[in-house]
Amino acid sequence: MTENKTVLAWLEEMKAMCQPDNVVWIDGSEEQLEALRAEAVETGEMIKLNQEKLPGCYYHRTAENDVARVEDRTFICTPTEEEAGPINNWMAPDEMYAKLKKLYTGSMKGRTMYVIPYSMGPIGSPFSKIGIELSDSIYVVLNMAIMTRIGQKVLDQLGNDENAEFIKCLHAKKDVNPDDRYIVQFPQDNTIWSINSAYGGNVLLGKKCFALRIASYLGKNQGWMAEHMLILGLENPQGEVKYICAAFPSACGKTNLAMLIPPEYLKNKGYKVWTVGDDISWLNIGPDGRLYAINPEAGFFGVAPGTSVKTNFNALESTKKNTIFTNVALNNADNTVWWEGLDKNPPVDATEWKGSKVNGPEYSAAGNNLAHPNSRFTAPAINCPCISSEFENPQGVPVEAIVFGGRRAKCAPLVYQSRDWQHGTFVGATMASETTAAAAGAVGVVRRDPMAMKPFVGYNMATYWGHWLEMGKKLGDKAPKIFHVNWFRKDDEGHFMWPGFGDNMRVLLWILNRCAGKVDAVESEIGYLPKPEDIDLTGLEDENVDIKGLLTIDKQVWLEDVANIEEYFAQFGDKLPKEMADELAKLKANLSK
């Protein structure tokens, strides 16, 4: 498959440590993948679903102790703790390697090691990066075949240059023992090691581990950005498409926005939305000096519960073929899948996610979940009805606007624009959501999630903000405009004030009008606010939307938030960029007038 000596030497070293019985190179051919699917069904690792209703679809169940990303077992191993920063788990690389090598030694005895060459981004794109994942899991192979571009063509792109950059990824299921579970990034070594997990978020090493943690570190050193952002294209009735990148913490409607369906009024006028990416953006400065985005992934690794025809038609359509479902419920009557929120009819003859056969309606009525709340679908992006024609464009798409968002009941208005890139970086650095469920602890607690990257920056968060500021200087007047949105503002009775979902497009149109200089704005203490009449509410007459209320600034609430930001920034000490401290002081002064 390759004659690259660096690749082969590393493979031999990993084989000697893990001691697999067999080694299989993944060439990316459908024949090989089909044989692996058949093998996984034979061993019980996967279940083949109803091929008439869900062609090419399979089901997988993980261990009960292995159902989500494990942030407390995720480490950034840099030479010094300061490089990793105060919000990453850190251990000295030598110490971590020694600990992990003991766990990996002999971990693949009796098993097959699969060698998965993969490309993050279109093969051959100047912005793409190559990784090779070694894994003892067919489930990993088949998911990586959906989520990335895999096989011989990737090795051909890498070539035989011994100095060619690739990310070395090692995954071993071992015993799936949570006490010895580690997901570890070694940024200086371009290395990711994951052990004792078989859940996608911990073992599909091209996803958060490479595409954000390692890539953010590469971006800092190489002059680009790896961001936890969707990419969408908004087409106007004249056929012009403008692109927006947007970052949201979890439970803030990110996937819904990425695959947004315009409200009838705007759809009838000819507006459309095209999905370039639902989760990750790699942002590079193009030859014309503008910022361009590619989606490094080839698929969607989406949360199933809550996905329905009503909430996200396009995401649901994406799962209708060639999809792997993980930890959802099985409808035994027709060998299909079900999850909470799909519809209101739990299957009577069901297998819940842990594997027990149950009466679905009775089981649900007793307060149980048939599907795990973090159950997933892995679906090819090309299945999406609104996938952009630019999805495979090796040059990416030009970014007009960057949007940050959070879930704030009283603080942030529906939308505002930052004064400039520096202020926009501050807006992203301080974005937050309030906790919504008692199960997650106290309700209404403000959780800072800078740029929605809190668990995903591969180095010190304060240094990351400094990199944002540097990128702004390089872009100059060609930098995208930066905005903040809040779909979750509540009135005094606790009701949501904005309808959300497809109607969020009305806010996106104002954002693009601002970028094009077509509308004015009102300068406020926090940035530029829309004039109420510039948000098109046609068709929302029955909703009685209080647009003025949605755009008000409560100074006292904001001053309380400033105090929270001061506390948050304090943990970064003298690493905090001066510009961030200046912006905080400016905000405080504006609100205190």
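The shown structure was predicted, so the numbers you read here are calculated from the model rather than taken from an experiment. (Residues numbered from 1 in each chain as written. Predicted model: local features only at pLDDT ≥ 70, side-chain atom pairs only at ≥ 80, totals over all residues. Heavy atoms only, no water.)

Trainee: What is the right way to read the pairing of strand S25 (residues 397-405) from this model?
Mentor: Note on strand geometry: in a regular strand, side chains alternate between the two faces of the sheet. Counting buried residues in S25 gives eight out of nine residues, a clear majority hidden from the surface. Note that strand S14 (residues 241-247) and S25 share five bridges and pair parallel. Looking across to S25, one finds that Tyr-243 is bridged to Val-399. The pairing of strand S17 (residues 291-294) with S25 spans two bridges and is classified as antiparallel. Note that in S25 the partner of Ala-293 across the bridge is Val-397. Two strands pair when backbone bridges link them, and S25 and strand S29 (residues 481-485) are joined in this way by five bridges, in the parallel orientation. Its bridge partner lying in S29, Gly-405 is registered against Val-485. (Buried < 20%, exposed > 50% of the residue type's maximum accessible area, 1.4 Å probe, protein only. Helix = DSSP H or I, 4+ residues; strand = E, 2+ residues; numbered from the N terminus. Pairing = 2+ DSSP bridges.)

Trainee: Would you take a moment to explain the pairing of S17 for this structure?
Mentor: Where burial is concerned, the two faces of S17 agree: the one with Leu-291 and Ala-293 and the one with Tyr-292 and Ile-294 are both buried. Pairing geometry for strand S16 (residues 281-285) and S17, over four bridges, is antiparallel. Residue pairing in the sheet places Asn-284 in a bridge with Tyr-292 of S17. Taking the residues that link successive antiparallel strands as the turn, the S16-S17 hairpin has five residues, and the phi of Gly-289 there is positive, at about 85°.

Trainee: I tried to follow the UniProt feature "binding site: GTP" (unreviewed entry) in the chain on my own but got confused; where do I start?
Mentor: The UniProt record annotates "binding site: GTP" (unreviewed entry) at Ala-251, Cys-252, Gly-253, Lys-254, Thr-255, Asn-256, Arg-376, Arg-407, Phe-501, Gly-502, Asp-503 and Asn-504. In summary, the annotated positions, distributed over 254 residues, remain apart in three dimensions as well, the widest C-alpha pair reaching 26.4 Å. Mapped onto the secondary structure, Ala-251 falls in the loop between S14 and helix H9 (254-258). Once residues lying within four places of it in the same chain are set aside, the contact partners of Ala-251 are Arg-407 and Phe-488. (UniProt positions renumbered as here; feature names shortened; annotations may be inferred. Contact = heavy atoms within 4.5 Å.)

Trainee: Whenever I open this one, the sheet that holds strand S22 (residues 349-351) confuses me. Can you help?
Mentor: Strand pairing within a sheet occurs via backbone hydrogen bonds; the two strands may be parallel or antiparallel. As summarised here, the arrangement of the four strands in space is S21-S20-S22-S23, forming an open sheet in which the pairing is antiparallel. The sheet is open, and its two borders are formed by strand S21 (336-338) and strand S23 (357-359), each paired with just one other strand. Direction aside, the axes of adjacent strands within the sheet are offset by 40° on average. Both S22 and S23 contribute to a ladder of three bridges, which runs antiparallel. Its bridge partner being in S23, Ala-350 is matched across the sheet by Val-358. (Axes fitted to C-alpha atoms, helices over the stretch in contact; angles between N-to-C directions.)

Trainee: Would you mind going over the pattern of salt bridges with me for this structure?
Mentor: Pairs can form between side chains of opposite charge whenever their charged atoms are close. Applying the stated criterion to the full structure yields 29 salt bridges. Lys-320 serves as the salt-bridge partner of Glu-317, at 3.0 Å between the closest nitrogen and oxygen. Owing to a relative accessible area of 26%, Glu-317 belongs among the partly exposed residues under this scheme. Asp-503 is paired through a salt bridge with Arg-506; the nearest N and O atoms lie 2.9 Å apart. Considered together, Asp-503 and Arg-506 belong to a single accessibility category, that of buried residues. Salt bridges sharing partners connect three or more residues here, namely Lys-207, Lys-208, Lys-254, Asp-279 and Glu-297. (Salt bridge = Lys/Arg side-chain N within 4 Å of Asp/Glu carboxyl O.)

Trainee: Which parts of the structure should I look at to understand the side chain of His-171?
Mentor: Along the chain, the position of His-171 falls in strand S9 (residues 167-172). By relative accessible area, which is 0% here, His-171 ends up buried. Within the structure, His-171 has its side chain in polar contact with the side chain of Ser-135 (distance 2.8 Å). Among the polar contacts listed, one links the side chain of His-171 to the backbone oxygen of Ser-197, at a separation of 2.8 Å. (Polar contact = N/O pair within 3.5 Å; in protein donor to acceptor, adjacent residues only side chain to side chain.)

Trainee: Would you mind showing me how to read the environment of Asn-196 here?
Mentor: Relative to the elements of secondary structure, Asn-196 occurs in the loop between strand S11 (191-195) and helix H7 (200-203). Spatially, the C-alpha atoms of Asn-196 and Asp-175 are 5.8 Å apart, while their sequence positions differ by 21 residues. Those residues in contact with Asn-196 that sit more than four places away from it in its chain are Ala-172, Lys-173, Lys-174, Asp-175, Val-176, Asn-177, Asp-180 and Arg-181.

Trainee: Explain the packing of helix H17 (residues 555-570) against helix H18 (residues 578-592) here, please?
Mentor: To characterise two packed helices, one gives the angle between the axes of the helices and the distance between these axes. For the pair H17 and H18, the least separation of the axes is 10 Å and the interaxial angle reads 160°. Relative to H18, the element H17 is oriented roughly antiparallel. Between H17 and H18 lies a crossing whose hand is left-handed. In this structure, H17 uses Lys-555, Trp-558, Leu-559, Val-562, Ile-565, Glu-566 and Phe-569 to contact H18, whose residues at the interface are Met-580, Leu-584, Leu-587, Lys-588, Asn-590, Leu-591 and Ser-592. A per-class count over the contact of H17 with H18 returns nine nonpolar, two polar and three charged. (Parallel < 35°, antiparallel > 145°, perpendicular 65-115°, else oblique. Left-handed = near helix turned anticlockwise from the far one by under 90°. Nonpolar A, V, L, I, M, F, W, Y, C, P; charged D, E, K, R; others polar.)

Trainee: I keep staring at the environment of Asp-94 and nothing clicks. Help me out?
Mentor: With respect to the helices, strands and loops of the structure, Asp-94 is situated in helix H4 (residues 93-104). Sequence-wise, Asp-94 and Glu-81 are 13 residues apart; in three dimensions their C-alpha atoms are separated by 13 Å.

Trainee: Would you explain the packing of aromatic side chains in this entry?
Mentor: Geometry of an aromatic ring pair is reported as the spacing of the ring centres plus the angle between the planes. Within this structure, the stated rule accounts for 22 aromatic pairs. Consider the rings of Tyr-459 and Tyr-464, whose centres lie 6.4 Å apart with planes at 70°: the pair is edge-to-face. The class for Tyr-459 is buried, based on a relative accessible area of 3%. For the ring pair Tyr-568 and Phe-572, a centre distance of 5.7 Å and an interplane angle of 65° mean the geometry is edge-to-face. With relative accessibility at 4%, the residue Phe-572 sits in the buried group. Ring pairing ties together the aromatic residues Phe-426, Trp-465, Tyr-568, Phe-569 and Phe-572, which thus form one cluster. Taking the ring centre of Phe-496 as reference, the NZ or CZ of Lys-490 above it sits at 5.0 Å. (Phe/Tyr/Trp six-rings, centres within 6.5 Å; stacked < 30°, edge-to-face > 60°. Lys NZ or Arg CZ within 6 Å of the ring centre and 35° of its normal.)

Trainee: For this particular structure, what's the right way to read helix H1 (residues 5-18)?
Mentor: The end-to-end C-alpha separation of H1 is 20 Å, in line with the 20 Å expected for 14 residues at 1.5 Å each. The set of residues buried in H1 consists of Val-7, Trp-10, Leu-11, Met-14, Met-17 and Cys-18. Buried residues of H1, seen end-on, are gathered within an arc of 125° and therefore sit on one face of the element. Across from the buried face of H1, at angles greater than 90 degrees, the exposed residues are Lys-5 and Ala-16. (Expected span 1.5 Å × (residues − 1). Arc of directions from axis to C-beta.)

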